[in-house]
Amino acid sequence: NSVPASAVQSQQKEIWALQLGAFSMKPNAETLVSNLKKRKIPCNIIEIPQETRTLFVVQTGEFETKESAVDYGSKVLSPINIDFRPILKK
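Starting from 1, residues in each chain are numbered consecutively following that chain's sequence as written. Only residues with pLDDT of at least 70 are given local features in this predicted model, and only at 80 or more are side-chain atom pairs given and counted; all residues enter the totals for whole chains, interfaces and linings. Processing note: side-chain calculations cover all non-hydrogen atoms of the structure and skip hydrogens and water entirely.

The subject of this paragraph is the sheet that holds strand β4 (residues 85-88). In spatial order, the strands read β2-β3-β1-β4; together these four strands make up an open sheet with antiparallel pairing. Because the sheet does not close on itself, it has two edges, and the strands there are β2 (44-49) and β4. Shown here is a sheet whose adjacent strand axes are inclined to one another by a mean of 45 degrees, direction ignored. Two residues qualify as a contact provided that any one of their heavy atoms is within 4.5 Å of a heavy atom in the partner residue. Every axis corresponds to a line fitted to the C-alpha atoms, with the helix fit spanning only the stretch in contact, and the corresponding angles, defined between N-to-C directions, vary from 0 to 180 degrees. A run of H or I in DSSP counts as a helix once it spans at least four residues, and a run of E counts as a strand once it spans at least two, with each numbered from the N terminus. Contacting β1 (16-23), β3 (54-63) and β4, helix α3 (residues 66-77) crosses the sheet at an angle of about 55 degrees to β1. When DSSP finds at least two bridges between two strands, those strands are taken to pair.

Consecutive side chains of a regular strand alternate in pointing toward one face of the sheet and then the other. Throughout this description, buried means an accessible area under 20% of the type-specific maximum (1.4 Å probe, protein chains only), exposed means over 50%, and partly exposed covers the range between. Most of β1 is tucked away: six of the eight residues are buried. With six bridges connecting them, β1 and β3 associate as antiparallel partners. Among the inter-strand pairings, W16 is bridged to a residue of β3, identified as F63. In this sheet, β4 lies alongside β1 in antiparallel orientation, the contact comprising four bridges. Counted as the bridge partner of L18 is P86 from β4.

Before going further, it helps to spend a moment on the environment of P86. Take P86: it is sitting in strand β4. Judged by relative accessible area, which is 22%, P86 ranks as partly exposed. The spacing of P86 and W16 is 70 residues in sequence and 6.7 Å in space, taken between C-alpha atoms. Beyond its immediate chain neighbours, meaning those up to four positions away, P86 contacts W16, A17, L18, K66 and V70.

A word on the side chain of Q19. Along the polypeptide, Q19 turns up in strand β1. Accessibility expressed as a relative area gives 16% for Q19, which makes it buried. The contacts of Q19, once residues within four sequence positions are left out, are V57, V58, Q59, D83, F84, R85 and I87.

In this section: the environment of L88. In this fold, L88 is placed in strand β4. Between the C-alpha atoms of L88 and E14, which are 74 residues apart in sequence, the distance is 7.2 Å. Contact partners of L88, with chain neighbours within four places excluded, come to E14, I15 and W16.

The next point concerns the nonpolar core. Counting 15 residues, the largest nonpolar core has L18, L20, L36, V58 and L77 as the members making the most contacts within it. Contributions of two or more residues to this core are made by β1, α2 (26-38), β3 and α3. Per element, the largest residue contribution to this core is four residues, and it comes from α2. Aside from chain neighbours lying at most four places away, what touches L18 is V58, Q59, T60, F63, A69, V70, Y72, G73, L77, F84, R85 and P86. Within this scheme, the nonpolar core is defined by two criteria: the residues are buried Ala, Val, Leu, Ile, Met, Phe, Trp, Tyr or Cys, and they are joined through side-chain atoms within 4.5 Å.

Dropping the structure here:
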């Protein structure tokens, strides 16, 4: 009775995203999101409370591997001069 490898893998599944910007003012993050959505790039704002302020981080995608996240960024974001940084969400 062995457990399928896929079942073991799904329990330890990583989720990667691309961080496209981090802002101290929400309207700046909203402007980036608006511009990206016009280009059909799905993204959202994650609010990260800090001691003295909240950081508004713009992220796109959920990718299974860092490589697939970077590949997406290279193909979709780099040609339109959007900087990105892969981050491990889970």
